[in-house]
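# Notes for the structure review
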Amino acid sequence: MFKKIYQNLKKRNLFFLVGGLMIIIACGFLIVFTLTFLIKNINLVLKLITQEDSSIHFNISEAERLFLQDK
């Protein structure tokens, strides 16, 4: 079956067919690579924002000792 198909196709048509398939595969790879790159960067930004907020804390008793108000 494949021999009949191959014999009916000219070399030029076969070249375009293989070339088109390679371009489609390359575009699919680039789309997947781009989406994963964006997702990784978005996750990195979100992790940095949450880490900054969690490290902030207030020590009220120490602040009262440092900034005594004179009455």
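Residues numbered from 1 in each chain as written. Predicted model: local features only at pLDDT ≥ 70, side-chain atom pairs only at ≥ 80, totals over all residues. Heavy atoms only, no water.

## Some thoughts on the overall build of the protein
Across its full length, the protein holds 3 helices and 0 strands. Listed by position from the N terminus, the elements making up the protein come as α-α-α. Classification of the 71 residues of the protein by burial places 0% in the buried group. Accessible surface for the protein amounts to roughly 7,600 Å². Of this, 71% is attributable to carbon and sulfur atoms. (Helix = DSSP H or I, 4+ residues; strand = E, 2+ residues; numbered from the N terminus. Buried < 20%, exposed > 50% of the residue type's maximum accessible area, 1.4 Å probe, protein only. Areas by Shrake-Rupley, 256 points an atom, 1.4 Å probe, with all protein chains shown as cover.)

## Structural notes on the packing of aromatic side chains
The description of an aromatic ring pair uses the distance of the two centres, along with the angle that the planes make with each other. Evaluation of the coordinates by the stated rule reveals 2 aromatic pairs. Measuring from ring centre to ring centre gives 6.3 Å for Phe29 and Phe33, while their planes differ by 15 degrees; the resulting arrangement is stacked. Residue Phe29 and its partner Phe33 are located together in helix α2 (residues 11–54), separated by 4 residues, close to a single helical turn. (Phe/Tyr/Trp six-rings, centres within 6.5 Å; stacked < 30°, edge-to-face > 60°.)

## Notes on a nonpolar patch on the surface
Taken together, the side chains of Ile31, Leu35, Phe37, Leu38, Ile39, Ile42 and Leu46 make up a nonpolar region of the molecular surface, amounting to roughly 700 Å² of accessible area. Note on placement: Phe37 falls in helix α2. (Patch = residues over 30% accessible without salt bridge, like charges linked within 9 Å, V, L, I, M, F, W, Y side chains within 5 Å. Salt bridge = Lys/Arg side-chain N within 4 Å of Asp/Glu carboxyl O.)

## Remarks on the confidence of the model for the protein
Looking at the protein as a whole, its pLDDT mean stands at 80, while 77% of the residues score no less than 70. Element-level pLDDT for the protein is lowest in helix α1 (residues 2–8), with a mean of 70, against a maximum mean of 86 in α2. (pLDDT = per-residue confidence, 0-100.)

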